[in-house]
Amino acid sequence: MGKRRKPSPPSRARLAVLTTAMAAGGAVLASGTAHAEPTPTLASVKEQVDKLNEEAEQSVEQYNGFRDKQQKLQGEANKLQEKVARGQEAMNELRTRLGAVAADQYRNGGIDPSVQLMLDSDPAAYLERASVQNQVADTQTALLKQAQDEQRKLDQDRAEATATLAQLDSVGTELAAKKQQIQTKLSQAQAMLNKLSAEDRAKVNAQQAAEKAKAEAQQAAQAAQTAATDRASRSAERPDMSAPVPSAGGRAANIIAFAQAQLGKPYGWSMTGPDSFDCSGLTSMAYKAAGVRISRMSQDQWNDGPHVDRVNLQPGDLVFFYSDLHHVGIYIGDGKMIHSPRTGKNIEVLPISAMQYMGAVRPV
């Protein structure tokens, strides 16, 4: 076996090349490390947070739809289960009656009727008893038919209840998935905000405080304007006091008054008050305050009345935004609306031109 040769030491030139390469590589690594986690700017974070909140609001309206469907299905399931229970009680009563009739026939039907007539000391009394027995047989036949009909209805009701409960479970699963999706979006938005520097976070907090103060000022101004209008209306001369006040005007005033009273309250996803509202929660409760029932979900509210051209908008109309109609507000006149924007913001007055306007509806 030959001797191993020791590796020859690197030349000075080679060492110089290696040293230079390592230095360059270190510089590259240092440069890469320095740019791996750039500090996000306030503008970029705001853009991403707004996008996440917009996606969350879309999911909220879908969640509202699932929850509304779940509540309706639960009501149907409760009614069906009560119906099944009543049907089972009726069947139990029929079985008891049939058992009594069958036992009576067994006790009295052991001897042939002709033989029994011959042996009976009182044929007239026997014939009377036989007539009663025939009536009992007819009753048993009627009870059997009734029992068959009741059993068929009971089976149908049970099948319907089972199907409704299965659908209820499916909607419950969808509801939980949609809730998780919303929470994920909101968590992502909060994580983006957490990446901001202390200075930028202070700017965001200051901006939110300013928006809240603005909403509260709008609420006070709207209340003062409403009070002034009421005073002017009471003091104005009316030539024909017998003329009826249009019901639509009174209804619109109630709708807007309710919405104005909520200004400055925070957005709360899937909430219908009294402390917070989402967009369709605000509109549905405002209409409820005026004695009008509309759907819970913004997409369903789109079908709650005739559509109105933008040039014909009147106070109290519902105004809708974005192609999927996931946002809705209440028109108050002068090109403005009251709406509940999104998580992290408060109910406010905003021009309808501030978002992608899709149309308006005047519920009847």
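Since this is a predicted model, take the numbers as computed values, not measurements.

Ranked by internal contacts, the top residues of the largest apolar core, which has 23 residues, are Ile255, Tyr287, Leu318, Phe320, Ile330, Ile338 and Ile347. Within the residue set of this core, elements represented by two or more residues are α6 (247–261), α7 (279–289), β2 (318–321) and β3 (327–333). Ranked by the residues each element gives to this core, the list is headed by α7, at four residues. The next biggest cluster of nonpolar side chains, apart from the first, holds 12 residues, and it includes Leu313, Leu350, Met355 and Tyr357.

Glancing now at the side chain of Gln262. Its place among the elements puts Gln262 in the loop between α6 and α7. According to the relative accessible area criterion, Gln262 is buried, its value standing at 6%. Among residues more than four places away in sequence, those in contact with Gln262 are Pro274, Phe277, Leu282 and Ile347.

It is worth spelling out the layout of surface pockets at this point. Approximately 710 Å³ is the volume attributed to the largest pocket. Contributing to the lining of the largest pocket are 32 residues, with Val49, Asp50, Asn53, Arg342 and Lys345 lying nearest its centre. Here the element with the most residues in the lining of the largest pocket is helix α2 (residues 42–108); it accounts for eight residues.

Glancing now at the packing of aromatic side chains. As enumerated under the stated definition, the model contains four aromatic pairs in all. A centroid spacing of 6.2 Å and a plane angle of 90° characterise the contact between Phe258 and Phe277, whose relative ring orientation is edge-to-face. Here Phe258 is found in helix α6, whereas its partner Phe277 is found in the loop between α6 and α7, with 19 residues between them in sequence. The ring of Tyr357 carries Arg310 above its face, with NZ or CZ at 4.4 Å from the centroid.

In this fold, Met337 is placed in strand β4 (residues 336–339). On a C-alpha basis, the gap between Met337 and Ile256 in space is 9.5 Å, while along the polypeptide they are 81 residues apart. If near-sequence neighbours (up to four positions away) are discounted, Met337 is found in contact with Val319, Phe321, Gly329, Ile330, Tyr331, Ile332, Glu348, Val349, Leu350, Ile352 and Met355.

Cut-off values and rules
Residues numbered from 1 in each chain as written. Predicted model: local features only at pLDDT ≥ 70, side-chain atom pairs only at ≥ 80, totals over all residues. Heavy atoms only, no water. Core = buried A, V, L, I, M, F, W, Y, C linked by side-chain atoms within 4.5 Å. Buried < 20%, exposed > 50% of the residue type's maximum accessible area, 1.4 Å probe, protein only. Helix = DSSP H or I, 4+ residues; strand = E, 2+ residues; numbered from the N terminus. Contact = heavy atoms within 4.5 Å. 1 Å grid on protein atoms, 1.4 Å probe; cavity = no way out; pocket = protein on both sides within 12 Å on 5 of 7 lines; lining within 4 Å. Points joined across faces, edges and corners; volume = space filled by probe spheres on them. Phe/Tyr/Trp six-rings, centres within 6.5 Å; stacked < 30°, edge-to-face > 60°. Lys NZ or Arg CZ within 6 Å of the ring centre and 35° of its normal.

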